[in-house]
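Descriptive structure summary
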Amino acid sequence: MEHEIQQWRTENDTRVLFVERRGLPTVDLRLSFNAGSCRDGKLPGLARMTSNLLLEGTDRRRASEISQKLEQHGARAYTRCWRDTADLNLRSLSHEAHLKPVIGELCECVGRANFPSEAIERVRQRMLAGLAQEDMAPMEQLEKVFIAAIFAQHPYATPLGGESVSLQSIDQEALRSFYGRYYCATNATLSVVGDLSRQEAERTAEELVAKLPLGKPAPALPSAVASRQSNRITKPFDAEQTHISIGQASPPRGHEDYFALYLGCHILGGAGLTSVLARRMRVERGLSYSSASKLTAGAAGGRFQMKTHVRNDAVAEALMVLRGSFEELLEHGPADDAFDLARENLLGSLPLWLASNQDLLDHVATIGFYDLPLDYIHRFTQQLQTLDVQAVREAMQRHFDPSLMATVAVGPESAISDIH
């Protein structure tokens with residue numbers, strides 16, 4: 001079966017998901033640890049700094065030697081840290097002569113990272129510089145304030161890149177403690193896609209995680225529930241446009257209503273120029289070149305978000321259109337033509353989502369980390385084909401309440417002072 005996912009556990013209990021995909025002599029893999037920013041605790045940025053340092057040296061090799069070894073075999077490895085996960089990603093040639101030494105190198109990195117002092121300072125300064133750049137970007141400011149508004153005291157509210165004060169406080173002891181707690185075999189999921197047999201994939205998996213301690217899985221997070229009151233938050237920022245987000249916390253990944261909510265969100269603002277928001281904000285009124293909505297989901301909850309940026313003299317009208325469009329969708333459900341267009345758009349786009357090994361890896365890794373059914377991609381297609389207008393409307397009514405949503409605006413004081 002195309003895209004069939006095989007799964008097993010390594011000898012030290014790391015879960016592995018594998019899709020054999022021939023055609024190109026390459027392999028893509030992702031080792032995901034339940035070690036995202038939601039685990040930062042009192043040190044925002046700790047998870048990302050740990051992730052950023054994973055390839056910066058071991059007891060045996062310096063960062064430059066690790067990079068040289070990977071380049072020698074034409075491989076590319078990098079780390080990323082999100083709210084739920086900290087990921088080690090690899091793209092390599094699949095032939096054993098190249099893959100085996102690369103896996104051996106990464107095995108040392110994930111199992112024997114030593115966080116050298118000079119690397120800590122280099123990464124710290126890079127992260128501080130990133131925060132300074134974010135302070136100058138209105139869209140970044142909007143995202144930070146919006147996340148804090150909808151997640152409040154939940155661990156998901158922790159800023160991914162940390163805060164200046166906390167970044168300055170993170171030391172080698174904190175990094176090694178975080179690494180020792182969360183970078184272990186039972187707290188990891190490995191996803192592999194590419195030109196390997198099952199036997200070769202099993203051998204690769206064992207070699208990669210061989211030096212990880214058994215450890216313990218990270219504890220479950222509390223549910224990120226929607227706020228019981230609305231928020232209106234403004235952040236002055238001298239710019240030619242005002243950036244706006246409206247939304248609230250939404251159900252976690254794997255919730256039975258996720259498919260219906262996803263389709264409803266796509267109808268509202270995810271289907272390009274055929275979406276409701278694009279038509280009303282751009283085509284009919286010329287308020288904004290870019291207006292959209294999105295639904296994201298994590299282990300403990302997700303977020304529904306409408307976003308736009310408009311002329312400073314059009315803020316009030318834009319808010320009226322955004323809120324009105326959403327309330328209309330909730331009350332009456334999508335129009336038949338909008339429903340059909342959005343569903344066709346999603347069904348037509350699905351093959352493109354899986355076109356490359358990397359694209360497919362993204363979906364396989366999501367299935368693995370969030371413990372979704374192995375046929376989740378097929379179920380997604382089936383659900384889209386069977387959902388109707390009423391199912392979408394009822395799902396959105398169950399989970400979304402316009403009177404309880406957060407509204408965040410970042411722009412000149414004169415444009416945002418009267419937001420309500």
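Right, let's walk through the structure included here.

Analysis parameters
Residues numbered from 1 in each chain as written. Predicted model: local features only at pLDDT ≥ 70, side-chain atom pairs only at ≥ 80, totals over all residues. Heavy atoms only, no water. Pairing = 2+ DSSP bridges. Helix = DSSP H or I, 4+ residues; strand = E, 2+ residues; numbered from the N terminus. Axes fitted to C-alpha atoms, helices over the stretch in contact; angles between N-to-C directions. Contact = heavy atoms within 4.5 Å. 1 Å grid on protein atoms, 1.4 Å probe; cavity = no way out; pocket = protein on both sides within 12 Å on 5 of 7 lines; lining within 4 Å. Points joined across faces, edges and corners; volume = space filled by probe spheres on them. Nonpolar A, V, L, I, M, F, W, Y, C, P; charged D, E, K, R; others polar. Expected span 1.5 Å × (residues − 1). Buried < 20%, exposed > 50% of the residue type's maximum accessible area, 1.4 Å probe, protein only. Arc of directions from axis to C-beta. Phe/Tyr/Trp six-rings, centres within 6.5 Å; stacked < 30°, edge-to-face > 60°. Lys NZ or Arg CZ within 6 Å of the ring centre and 35° of its normal. Polar contact = N/O pair within 3.5 Å; in protein donor to acceptor, adjacent residues only side chain to side chain.

**Here we look at the sheet that holds strand β1 (residues 6-9)**
Read across the sheet, six strands follow the order β1-β2-β6-β3-β5-β4 without closing on themselves; strand pairing throughout is mixed. What marks the edges here is a single partner per strand, and that holds for β1 and β4 (76-81). Adjacent strand axes in the sheet meet at a mean angle of 15 degrees when their direction is disregarded. Sheet topology note: the strand β3 (residues 26-33)/strand β6 (residues 188-194) ladder contains seven bridges and is antiparallel. Following the sheet pairing, Phe-33 is matched in β6 by Ala-188. Most of the contacts of helix α3 (residues 96-112) go to strand β5 (residues 86-93), to which it runs at about 160 degrees, and overall it touches β3, β4 and β5.

**What to know about empty space enclosed by the protein**
Within the structure shown, the criterion is met by one cavity of 30 Å³ or more. In this model, the largest cavity occupies a volume close to 40 Å³. Together, Ala-149, Ile-150, Ser-227, Gln-229, Asn-231, Gly-247, Gln-248, Ala-249, Leu-404, Met-405 and Ala-406 line the largest cavity. Grouping the amino acids of the lining of the largest cavity by side-chain chemistry returns six nonpolar, five polar and no charged.

**Remarks on helix α11 (residues 315-332)**
With 18 residues, α11 should reach 26 Å at 1.5 Å per residue; the first-to-last C-alpha distance of 26 Å fits that figure. Of the residues making up α11, those classed as buried are Val-315, Ala-318, Leu-319, Val-321, Leu-322, Ser-325, Phe-326, Leu-329 and Leu-330. For α11, the arc enclosing every buried residue in end-on projection is 165 degrees, short of the 170-degree limit, so these residues lie on one face. The exposed set on the far side of α11, more than 90 degrees from its buried face, consists of Ala-316, Met-320, Glu-331 and His-332. Positive backbone phi, at 80 degrees, marks Gly-333, one or two positions downstream of α11.

**Describing the pairing of strand β10 (residues 302-311)**
Counting buried residues in β10 gives eight out of ten residues, a clear majority hidden from the surface. The pairing of strand β8 (residues 241-250) with β10 spans ten bridges and is classified as antiparallel. Bridge pairing in β10 links Thr-242 to Val-310. As paired strands, strand β9 (residues 291-297) and β10 are joined by seven bridges and run antiparallel to one another. Within the sheet, the bridge partner assigned to Ala-292 lies in β10 and is Lys-307. Between the antiparallel neighbours β9 and β10 lie four residues, among them Gly-301 with a positive phi of about 160 degrees.

**Brief notes about the packing of aromatic side chains**
Evaluated as defined, the whole model comprises 16 aromatic pairs. Taken together, a centroid distance of 6.3 Å and an interplanar angle of 65 degrees make the contact between Tyr-258 and Phe-259 edge-to-face. Residue classification places Phe-259 among the buried positions, given a relative accessible area of 11%. The interplanar angle of 25 degrees and the centroid separation of 5.0 Å between the aromatic rings of Phe-304 and Phe-326 together place this pair among those described as stacked. One end of the pair, Phe-304, is in strand β10; the other, Phe-326, is in helix α11, with 22 residues separating them in the sequence. Owing to a relative accessible area of 0%, Phe-304 belongs among the buried residues under this scheme. By way of ring pairs, the aromatic residues Tyr-258, Phe-259, Tyr-262, Trp-353, Tyr-376 and Phe-380 are connected into one cluster. Above the ring of Tyr-370, the side-chain terminus of Arg-253 is found at 5.7 Å from the ring centroid.

**Let's talk about the side chain of Ser-32**
Tracing the chain through its elements places Ser-32 in strand β3. Polar side-chain contacts of Ser-32 include one of 2.9 Å to the side chain of Asp-87.

**Some details on unusual backbone geometry**
The residue Phe-115 is not glycine, and still its phi comes out positive at about 50 degrees. Looking at where Phe-115 falls in the secondary structure, it is placed in the loop between α3 and α4 (117-135). Taking relative accessible area as the criterion, Phe-115 reaches 0% and is therefore assigned buried. Its identity as a non-glycine residue notwithstanding, Asp-371 has a phi of 55 degrees, on the positive side.

**Points about the sheet that holds β10**
The five strands are arranged β7-β11-β8-β10-β9 in an open sheet whose pairing can be described as mixed. Strand pairing shows two members of the sheet lacking a second neighbour, β7 (231-236) and β9, which therefore form its edges. Each strand of the sheet is rotated relative to its neighbour by a mean of 15 degrees, with strand direction disregarded. Bridge analysis of β8 against strand β11 (residues 406-411) gives five bridges, and the strand direction is antiparallel. Each residue of the ladder has a partner; that of Ser-245, found in β11, is Val-408. Those strands touched by helix α5 (residues 138-151) are β7, β8, β9, β10 and β11, and its axis lies near 30 degrees from that of β8. Its contacts with the sheet place helix α9 (residues 258-269) against β9 and β10, and it is angled at close to 165 degrees to β9.

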